[in-house]
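Inside the fold
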Amino acid sequence: MAIGLLVGTMLIVYVDRGGYRDSNGDPLSLIDAFYYTTVTLSTTGYGDITPASDSARLVNAFVVTPARIAFLVLLIGTTLEVLATRGREQIRIARWRKNMGHHVVVVGYGTKGRSAVDTLINNGLERDAIVVVDPSQSALEEAHADGLAVITGDATRRDVLNRAGVATADQVIITTDRDDTNVLTTLTVRQLNPESWIVTAAREQENAPLMKQSGANSVITSSDAVGRLLGLSSLSPTLGSVMEDLLTYGEGLEVAERDLLVGEVGKQPQQVPDQVIAVVRDEKVFRYFDPVVTQLARGDRLIVVRPAKELPWAPRPGTHDEDLASEEF
């Protein structure tokens, strides 16, 4: 718009060039018209070129002056917007850096990245504890609009990941649209932080083992998951709707992980008030029917299905203040 104002005003002055004179009394050339327009719109105004006729003065009063004001508003407004955006980004990064060491890095802010962030926030994680890494301007704007700190750059580069604090992050979620980029990013993250929990998205199942070898703790194959859901919905619409319910946050059923309560020690998984589908023991996952977990023991964690209205990590529905079996007495 600023360029349009500049060009348009220059053409107006050039068309009426006979009404202008420079300090030598000569009429304006095209270069003179451009020079006069730039110094006038920028309010520099050296006075070496002036309107001499009545028509030129009227054009200056009713066209050039409003154009000068509009030009300055655009220039100053754009500058202030850029400064404000950078200021907000610096504030977000400063707040995020206070949580360094206990934050989550999300690489890629497309559909999968946004869904992952929404899930984290809906389960109680503060926005200040999340930092997004993405090279695109659109992702930068969307993450800013969502109130997240953003590091702009290629996540396969060590300096970009270092700026995101990957070396001290608790978890790293990698959700770019290319499997080769995900593999290289996983390798780099694992080198920078041997202890972080890395979750990586894979478009193709055949690339999942490679991502595991690269250091990913968990690999989610998006195409296979979607294909399985489509197949289940085709074979059994009711089963498909239940699976969709489990994957959709906020209503119906939710899958959650919780600690074992003191009163539940020694019981069978089927005797727990929640619908137990798996038991985590010594960092290994066992199905609820596995003979190893016939009796629940201290230190076990339960993977359960519960109403979405319940707190995702609460001990069990309706009782959020009981003693945990993992607590010391």
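Residues numbered from 1 in each chain as written. Predicted model: local features only at pLDDT ≥ 70, side-chain atom pairs only at ≥ 80, totals over all residues. Heavy atoms only, no water.

Below, the discussion takes up the overall build of the protein chain. Within the protein chain one finds 10 helices and 12 strands. Of all 329 residues assigned to the protein chain, the portion counted as buried reaches 36%. Residue pairs in contact within the protein chain that sit at least 24 positions apart in sequence constitute 60% of those at least 6 positions apart. Accessible area for the protein chain stands at about 18600 Å²; split by element, carbon and sulfur atoms hold 57% of it. (Helix = DSSP H or I, 4+ residues; strand = E, 2+ residues; numbered from the N terminus. Buried < 20%, exposed > 50% of the residue type's maximum accessible area, 1.4 Å probe, protein only. Contact = heavy atoms within 4.5 Å. Areas by Shrake-Rupley, 256 points an atom, 1.4 Å probe, with all protein chains shown as cover.)

Now for helix 4 (residues 111-122). With 12 residues, helix 4 extends 16 Å between its outermost C-alpha atoms, agreeing within 8% with the 16 Å of an ideal straight helix rising 1.5 Å per residue. Those residues of helix 4 that are buried lie in contact with strand 3 (104-107), strand 4 (130-134) and strand 6 (171-174). Taken from the residues just after helix 4, glycine 124 is the one with a positive phi, measuring 105°. (Expected span 1.5 Å × (residues − 1).)

Here the focus is the sheet that holds strand 7 (residues 197-202). The strand order across the open sheet built from 6 strands is 5-4-3-6-7-8, with neighbouring strands paired in parallel fashion. With partners counted over all chains shown, the strands left at the sheet margins are strand 5 (149-152) and strand 8 (218-221), one partner each. Between one strand axis and the next, the sheet turns by 20° as a mean value, whatever way the strands run. Where strand 7 meets strand 8, 4 bridges bridge the pair, whose relative direction is parallel. By the bridge assignment for strand 8, threonine 200 is matched with valine 219. (Pairing = 2+ DSSP bridges. Axes fitted to C-alpha atoms, helices over the stretch in contact; angles between N-to-C directions.)

Turning our attention to the sheet that holds strand 12 (residues 301-307). Overall, antiparallel pairing links the 4 strands, which are arranged 9-12-10-11 in an open sheet. Two strands in the sheet have a free side with no partner beyond their single neighbour: strand 9 (253-259) and strand 11 (284-287). When the angles between neighbouring strand axes are averaged without regard to direction, this sheet yields 30°. One ladder, built from 7 bridges, connects strand 9 with strand 12; its direction is antiparallel. Paired with glutamate 254 across the two strands is arginine 306, which belongs to strand 12.

What follows concerns the pattern of salt bridges. Should the charged atoms of two oppositely charged side chains come close, the side chains can pair. By the definition in use, this model includes 9 salt bridges. Taking the shortest distance from any N to any O, the salt bridge between aspartate 300 and arginine 281 comes out at 2.7 Å. Remark: arginine 281 occurs in strand 10 (residues 275-281) and aspartate 300 occurs in the loop between strand 11 and strand 12; sequence separation between them is 19 residues. Each member of the pair aspartate 300 and arginine 281 is classed as buried. (Salt bridge = Lys/Arg side-chain N within 4 Å of Asp/Glu carboxyl O.)

When the terminal C-alpha atoms of helix 1 (residues 2-15) are compared, their 20 Å separation across 14 residues agrees well with the 20 Å that a helix rising 1.5 Å per residue should span. Restricting attention to buried positions, one finds in helix 1 the residues Leu6, Thr9, Met10 and Val13. Along the axis of helix 1, the buried positions cluster into a sector of 105°, meaning they face one direction only. (Arc of directions from axis to C-beta.)

Interpretation note: all reported values are geometric properties and have no functional meaning in isolation.
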